There are 2 protein chains.
Amino acid sequence: MTALSLLISGGLFYPGEHMNSSDELLAVRAAELYYDEGRTQDEIGAVLHITRWKVGRLLAQARTAGIVRIEIVHPRARRVLAEQAVKKRYGLNDIVVASSAGVSSPDELQRRVAQAAADYLTGLRPAPQTLGVSWGRTMHDVAACLPRGWAHGVGVVQINGGLSLTKTGDTASATALVIAQKAAGSAHVLPIPAILEHTATKRSIERDRAIAGVLDRAAHAEAYLFSAGVAGDDSALVHSGYLSTAEVAGLVRKGAVGDVVGRFIGADGAPVDAELDSRTVGLPLERIKASDTAIAVVAGEGKHAVARALVTNGLCTVLITDDLTAAALLDDAAAEETISECAS
Amino acid sequence: MTALSLLISGGLFYPGEHMNSSDELLAVRAAELYYDEGRTQDEIGAVLHITRWKVGRLLAQARTAGIVRIEIVHPRARRVLAEQAVKKRYGLNDIVVASSAGVSSPDELQRRVAQAAADYLTGLRPAPQTLGVSWGRTMHDVAACLPRGWAHGVGVVQINGGLSLTKTGDTASATALVIAQKAAGSAHVLPIPAILEHTATKRSIERDRAIAGVLDRAAHAEAYLFSAGVAGDDSALVHSGYLSTAEVAGLVRKGAVGDVVGRFIGADGAPVDAELDSRTVGLPLERIKASDTAIAVVAGEGKHAVARALVTNGLCTVLITDDLTAAALLDDAAAEETISECAS
DNA sequence: CAGTCATCCGCTCATCTGAGCATTCCGAGG
DNA sequence: CCTCGGAATGCTCAGATGAGCGGATGACTG
C-alpha cells in the first residue's frame, strides 16, 4: 500500500506495518468495541485488561495502520487530504476533489464532479462579473447542476466555437445560456464551428463584427470555466463531426493527451498541431494561462493525462476533479510513465 | 436500505432519510473537516458559522444516516452489532460473526471464519475435557488455524464417519488428530465410512467394540464442534463418493438444506430421509441438540439455508459464521422465502 | 387568534480523550 | 554484573465532547 492510496481511499489494511501482532488483535478488538459498540476507552480497557491510555494508543494506531477506515459516503463528499496534496504540489489557487466512494458508474462520477463545480462556482466570492465558458458533456452537466440564482447578473461568454455539425440544436451555446439564465445574467454565444477547414475562413469569421465582439469579451473575462476532453474516439470534437477518428489518432501519435477549449494539447500543455490550432476558433490558451481565475473541470479515468497537462503547465488556477484523477496526479510512477511515453 | 444492511455493512448512504438537505450538506462538510482533517468541533463551528453543539449533532446524524461509514478492515475483525442481533433473535449462548470487509474470494472468507472458530475455541473457558468434532473442508481449516497449545490435554473425539471412498489418506480422522495434537491431547477417531449401503452393516459396525467405544465417548463429549455442508453437487459427501449427485438432488427435492455431521436436514432441522439417516454412522442429532456446548461453524453463501436450519431448531448453542450469513439470518424476507419454498 | 405540541437551539456540567511528560521495562553492549 | 538507550507504559492536566435541560421558534389545531 502506498501512502498515496491511503490518502485517497482512506486506506486498505495491509498487515504487519508498524504493530506487534498481539497488539494488532487488541487494536481490532478495541476498534470494534469503540466504533461499533460505542463503549468508552475506559470500559474497553476494563474488558481487555489494559489501561485506557493503551486503548487510546491502539485506536490511534488502528487508524493510521488502516485497520479502521472512515469513509464519507455522499454524492457531495470531498477528499480534503487529496485536495491539499494536489493543490500544494501543483501550486493551484484552489481545488475540489470529489469523492468516488459509492459510485456505481463513470456517469455518476462525472455528475458528482459537475455538481462539485456548480457548488464551487456558486460559492465563489467575489462572483466574477464576466465568466468565460467552454462547452461539452461536462460543461453541460455543470450548467444543469447550477442552482437558479447561483449569482446575480453575470455576463457569460462562450470562449470557443461549438456549433455541432452532426446534431441539430446548438448545445454548446445552450450551455452558456443556461449558466447565464440561472444567474439572471446575459449570455454571449459563439454560434460558429469549433474548427474550420481553412485558416483563411477562420480569420474572416473572426473579423465578423459580432463574433469579434464576443471574442473580445471572452478575452477580457474575469474568470474562465472550462473542461477538457479526451484525445480519442470519444472526443466531443469527433462526435460533433469536426474531426475524424483517423485525424484524432494522428494527433495522439503527435503526443496529444486531450483537448482544452477545442485545442489539442500534449503533455507540455502546448498545441500538438499548429496548423489545426490555427483553424480552431476561440480563445488562445495563452489567455487562459494568464488568467487569475481559470477553473478546469476534469473527471474520468480517460482524462488523467490531460488533467496532468493542465496542472503541470499552469493552464488552470483551480482544478475540480474526482479522487481517482487526483490520485493519478499524485502518483509519481504514472508521471514517469507519461514522460517516458512521450519520449518514446 | 434496510436497517439490517446498515447493521451489517456499516451503512450505505441513502439520501433523504432524516435530514433536511442543507443540514445534510453541512453534515458532509463537518464530517470531512472532523474525520479527514482532524479539526475540533469548535474549529469546524467557526468555519461553518454554526455552534459547536450543532456540529456535534450533525456529526452524530451523519453517522446514524450512514454518511460517515466506519469500517474495521482486518482478517480478524468481527461484527459486534450483527453478533448481538443474531444471538438475541435465535437465543444462542454465544456467537462470532466474522467481517467480510475486504475479502476478495469466498475462500478467504471461509478462512476467516475458520480462524474465528479457532480463536473462539482457544478462548473457550473452561476448556472442554472432551470435544466431539466432525470433519470437512471447514473443519480442516479450523484445525489448521488452531495454534499449538490452544488447550492442554483435550480428548478429541470424531463424531461421524468420514473415511473417504475417493481419496487416499483419511482427512476426516486427520482433522481430529491435528486438533488433539495441537492441544497436547488424545484423539479418538472413527476410521469408518460416513454412510453405509445397508442399515444392517451400519448396525454391525456400531456393535464393534472399538467403534462403540468411540461413539460412546462422542455421546458423552462435553462440547461439540462441527460444520455444515451444502445440499448440492458440492457436498463433501458427494466428493467423498458416498452419494451421487442424483441422490443429493433427490434429497433437495425432499427439502434438504444441507448436512450436519453427515445427516441431511430440512428447514425444520430434522433428517429429510429416515432411511438414509439410518445408514449414517455417527452421533444422532438429538445428542447435539441436547448438548450445552454445540459450536457450529458455517460460512459461505451456499450455507445460508442450513445455517438458518441450525439456529432455528436449536442444533447449536454457539454459531460462528460470516456477516453475509448473519445478514441472511436476520433478513425476514429471506425467512419467508425459505418457508414458502418449503410449502410449495 | 390563542393554545398546543414538537422541534431545534444554545447552554451547563460531567465525562471522555489526547498531548505531553516522568517512569519503567527490556535488550544490547560494555 | 552494571549501564545505557529506546521503546512502551502510566499519569497529569487541559481541552474536547456528549448528555441533558430550559427556552425559543414555528407549525398545526380548535
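Residues numbered from 1 in each chain as written. Chains lettered and ligands numbered in written order. Predicted model: local features only at pLDDT ≥ 70, side-chain atom pairs only at ≥ 80, totals over all residues. Heavy atoms only, no water.

Q: How should I be thinking about the protein's contact with DNA strand D in this particular structure?
A: Near DNA strand D you find A:T51, A:R52, A:W53, A:K54, A:R57, B:Y34, B:T40, B:Q41, B:R52 and B:R57, and these make up its full shell. Residue A:W53 places a side-chain N or O atom 3.1 Å away from a base oxygen belonging to DNA strand D. At a separation of 3.3 Å, a base oxygen of DNA strand D approaches a polar side-chain atom of B:R57. The dominant element in the surface near DNA strand D, judged by the number of residues it contributes, is helix α4 (residues 52-65) of chain A, at 4 residues. Residues of the surface near DNA strand D, tallied by class, amount to 2 nonpolar, 3 polar and 5 charged. (Near = heavy atom within 4 Å. Polar contact = N/O pair within 3.5 Å; in protein donor to acceptor, adjacent residues only side chain to side chain. Helix = DSSP H or I, 4+ residues; strand = E, 2+ residues; numbered from the N terminus. Nonpolar A, V, L, I, M, F, W, Y, C, P; charged D, E, K, R; others polar.)

Q: How should I be thinking about the environment of A:Q41 in this particular structure?
A: Residue and element names in this part refer to chain A. Mapped onto the fold, Q41 is located in helix α3 (residues 41-48). Using a relative accessible area of 26% as the deciding quantity, one classes Q41 as partly exposed. In this structure, the C-alpha to C-alpha distance between Q41 and A30, residues 11 residues apart in sequence, is 8.2 Å. The residues touching Q41, leaving out its near neighbours within four places in the chain, are Y34, R52, V55, G56 and L59. (Buried < 20%, exposed > 50% of the residue type's maximum accessible area, 1.4 Å probe, protein only. Contact = heavy atoms within 4.5 Å.)

Q: Would you mind showing me how to read the relation of the copies chain B and chain A here?
A: For the pair of chain copies, the relating operation is a rotation around an axis with a shift along it. By a simple turn and slide, chain B fits onto chain A: the slide is 0.0 Å along the axis, the RMSD is 0.1 Å, and the turn is 179°. Those values place the two copies in the arrangement expected of a two-fold rotation axis. No C-alpha of chain B lies nearer the rotation axis than that of B:I70, which sits 2.2 Å from it. Same-surface contact between copies: 100% of interface residues of chain B are shared with the interface of chain A. (Least-squares fit on C-alpha atoms with pLDDT ≥ 70 in both.)

Q: What exactly am I supposed to notice about the packing of helix α15 (residues 304-312) of chain A against helix α16 (residues 323-330) of chain A here?
A: Packed helices, taken two at a time, are described by the angle between their axes plus the distance between the axes. Residues and elements named next belong to chain A. Relative orientation of the contacting elements α15 and α16 amounts to 60°, with a least axis distance of 9 Å. In terms of their interaxial angle, α15 and α16 are classed as oblique. α15 and α16 meet at a crossing whose hand is right-handed. From α15, H304, A307, R308 and V311 reach across to α16, where they touch L324, T325, A328 and L329. Split into classes, the residues belonging to the contact of α15 with α16 amount to 5 nonpolar, 2 polar and 1 charged. (Axes fitted to C-alpha atoms, helices over the stretch in contact; angles between N-to-C directions. Parallel < 35°, antiparallel > 145°, perpendicular 65-115°, else oblique. Left-handed = near helix turned anticlockwise from the far one by under 90°.)

Q: Help me understand the interface of chain B and chain A, please; the structure alone is not making it clear to me.
A: A common way to express how large an interface is: the accessible area buried when the components associate. Contact residues are listed per partner, giving 28 residues for chain B and 28 residues for chain A. Where chain B abuts chain A, roughly 2700 Å² becomes buried across the two surfaces, and 60% of that area is made up of carbon and sulfur atoms. At the boundary of chain B and chain A, one finds 0 salt bridges. Linking chain B to chain A there are 11 residue pairs in polar contact (both at pLDDT 80 or more). Take the side of chain B that touches chain A: its biggest share by element is 8 residues, from helix α2 (residues 21-36) of chain B. (Buried area = accessible area lost by both parts, 1.4 Å probe. Salt bridge = Lys/Arg side-chain N within 4 Å of Asp/Glu carboxyl O.)

Q: Even after reading the chapter, I still don't get the pairing of strand β1 (residues 68-72) of chain B, so can you show me in this structure?
A: In the case of a regular strand, side chains alternate between the two sheet surfaces. The element β1(B) is extensively covered by neighbouring structure, given that 5 of its 5 residues are classed as buried. The alternating pattern of β1(B) places B:V68, B:I70 and B:I72 on one face and B:R69 and B:E71 on the opposite face, and all of these are buried. Where strand β1 (residues 68-72) of chain A meets β1(B), 5 bridges bridge the pair, whose relative direction is antiparallel. Of the residues in β1(B), the one forming a bridge with A:R69 is B:E71. (Pairing = 2+ DSSP bridges.)

Q: Quick question: what am I supposed to make of the protein's contact with DNA strand C here?
A: Close to DNA strand C lie A:Y34, A:T40, A:Q41, A:R52, A:W53, B:T51, B:W53, B:K54 and B:R57, which account for all nearby residues. Between A:Y34 and DNA strand C, the recorded distance is 2.9 Å, taken from a side-chain N or O atom to a phosphate oxygen. Between DNA strand C and the protein, one listed contact pairs a phosphate oxygen with a side-chain N or O atom of B:K54 at 3.1 Å. Contributing elements (two or more residues each) for the surface near DNA strand C: α4 of chain A together with α4 (52-65) of chain B. For the surface near DNA strand C, the element with the highest residue contribution is α4(B), accounting for 3 residues.

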